[in-house]
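A closer look at the structure
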Amino acid sequence: MHRPRRLRRSPALRNLVRETHLNPHNFVLPLFVSEKVQKRRAIPSMPGVFQLPVNEVADEACAAQELGLQAVLLFGIPEQKDEQASSAYAENGIVQRALQAIKAQCPDLLAITDVCLCEYMSHGHCGVTRMDGEGFRILNDETVELLVKTALSHAAAGADMVAPSDMMDGRVGAIREALDAGGFDQTAIMSYAAKFASAFYGPFREAAESPPQFGDRRSYQMDFANAQEALREVALDIDEGADIVMVKPALLYMDILWRVRERFGRPTAVYHVSGEYAMIKGAAEKGLLDERDAVLEIMTALKRAGADIIVTYWARELARWLRE
Ligand SMILES: [Zn+2]
């Protein structure tokens, strides 16, 4: 008779044979920096998450580093939005200023920037939009040009890594080429390679003030029914020069995460998104489950499924819990 329970008898035995270990270095903390607030503003749909003014973002980032984290992912909320997303690539834009502040105060912290246009577009779509009869189109190559300008301006302001999240075709290759030509051959690219059009982004859109004013994002983000297409998307981004590939959202897409990690063997990230966060927060607030236990189980499961890097709003708490 086999007795697998023999190795589950005590905490020491369980630790001895544990296959997956979390480390604060696995986590990336998203930070929202806003030109529209003078002091930190709570985001009601995401308890514990704030919009920060630029003069607080460096303190927040450096405090995260002191907790043991080594990377933040910056999202900007500009004062001005227009149809060319011009605040996204302005030299004194909100993300650019946040980068300078962070790099001055804690230069070793990895500053990753979200590269997209939706927060900067008056219509809230991730690309340049053209009305087309009753409907509208998102123009791919025109959008890529603006994404390239945005990525370059982030690199110039000190970003260690840019993370295009728009899902336009060919943007990773265009950004890589422009970074290299601009003298930024050491600036890495983490591509949102398989980003699905998901119902679980809702709370984020409140945090980033980026809901589309019309239509939806299904002509550029992926259909959640498709796994083979996700692998093709990842292959394209790797081919175009992505250093790290990301799957987003996390829990419903662990099958994709697993296949991507197995098939390509590249550093693989997963984004545990706002809706996934809000669900657990809501259940914990109602006393339906224990937040700490649930979060540690989720993060361990994501790592077990192949995530090297997990973007999560719990990064700070995880760093604390893992030290206890
Ligand atoms: Zn976007």
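What comes next is a walk through the structure. Predicted model, so just to flag it, every value in this text is computed and none were measured.

What follows is about the coordination of the zinc ion. Protein-derived ligands of the zinc ion are Cys 116 (SG), Cys 118 (SG) and Cys 126 (SG), with the metal-ligand distances lying across 2.2 to 2.3 Å. Relative accessible area serves as the criterion here: at 7%, Cys 118 is assigned to the buried category.

For the structure on display, the rule yields one disulfide. There is a disulfide in this structure between Cys 62 and Cys 106, and the S-S distance comes to 2.1 Å. Between Cys 62 and Cys 106, the S-S torsion sits near -85°, and that sign places the bridge as left-handed. Taken together, the residues Cys 62 in helix α2 (residues 54-66) and Cys 106 in the loop between α3 (94-105) and β5 (110-115) connect sequence positions 44 residues apart.

For the peptide bond that leads from Lys 248 to Pro 249, omega is -5°, which places it in the cis range. A positive phi is found at Ala 85, a non-glycine position, where the angle reads about 50°. Looking at the element boundaries, Ala 85 is found in the loop between β4 (71-77) and α3. Overall, Ala 85 belongs to the buried group, its relative accessible area being 0%. Phi is positive for Met 167, which is not a glycine, with a value near 70°. A relative accessible area of 3% means that Met 167 is categorised as buried.

Side chains of Arg 3, Arg 5, Arg 6 and Arg 8 sit close together on the surface and give a patch of like positive charge. If you trace the backbone, Arg 5 turns up in the segment before α1 (11-16). Take Arg 5: its relative accessible area is 68%, and that puts it in the exposed class.

On inspection of all chains with the given rule, the structure shows two cavities of 30 Å³ or more. In this structure, the largest cavity spans a volume of roughly 140 Å³. Around the largest cavity sit 16 residues that line it, and Cys 118, Lys 195, Phe 204, Arg 217 and Lys 248 are the ones nearest its centre. For the lining of the largest cavity, the secondary structure elements donating two or more residues are β9 (188-195) and α6 (202-208). Partitioning the lining of the largest cavity into residue classes produces seven nonpolar, three polar and six charged. By volume, the second largest cavity is sized at about 80 Å³. In terms of lining residues, the second largest cavity is bounded by Leu 29, Pro 30, Leu 31, Phe 32, Gly 48, Val 49, Phe 50, Leu 52, Glu 60, Tyr 313 and Arg 316. Listing elements by their share of the lining of the second largest cavity, those giving two or more residues are β1 (27-34) and β3 (50-52). Sorting elements by how many residues they give to the lining of the second largest cavity places β1 first, with four residues. The class makeup of the residues in the lining of the second largest cavity is eight nonpolar, one polar and two charged.

Conventions adopted
Residue numbering note: each chain is counted from 1, following its sequence as written. Where local features are concerned, this predicted model is filtered to residues with pLDDT of at least 70; where side-chain atom pairs are given and counted, the filter is 80 or more; whole-chain, interface and lining totals use all residues. Hydrogens and waters are ignored; side-chain quantities use all the structure's heavy atoms. Only N, O and S atoms count as donors, using a 2.8 Å limit from the metal and a wider 3.2 Å limit for Na, K and Ca, and since water is excluded some coordination spheres may look unfilled. Each residue's exposure class comes from its accessible area (1.4 Å probe, protein chains only) as a fraction of the maximum for that residue type: buried when under 20%, exposed when over 50%, partly exposed otherwise. When the sulfur atoms of two cysteines come within 2.5 Å, that pair is taken as a disulfide. In this text, helices come from DSSP runs of H or I with a minimum length of four residues, and strands from runs of E with a minimum of two, each type numbered from the N-terminal end. Candidates for patches are residues over 30% relative accessible area with no salt bridge; among them, like charges are joined within 9 Å and nonpolar side chains (Val, Leu, Ile, Met, Phe, Trp, Tyr) within 5 Å. We get accessible surface area from the Shrake-Rupley algorithm with a probe of 1.4 Å; when it comes to residues, only the shown protein chains can shield them. A pair is scored as a salt bridge if a Lys or Arg side-chain nitrogen falls within 4 Å of a carboxyl oxygen belonging to Asp or Glu. Residues counted as positive are Lys and Arg, residues counted as negative are Asp and Glu, and His and the chain ends are not counted. By convention, the charge on Lys lies at NZ, on Arg at CZ, on Asp at CG and on Glu at CD. Think of a 1 Å grid over the protein atoms and nothing else: a 1.4 Å probe that fits but is trapped marks a cavity, an open set flanked by protein within 12 Å on at least five of seven lines marks a pocket, and residues with an atom within 4 Å of a point count as lining. Grid points are joined across faces, edges and corners, and a volume is the space filled by probe spheres set on the points. Ten residues, namely Ala, Val, Leu, Ile, Met, Phe, Trp, Tyr, Cys and Pro, are considered nonpolar, four, namely Asp, Glu, Lys and Arg, are considered charged, and the remaining ones, Gly among them, are considered polar.

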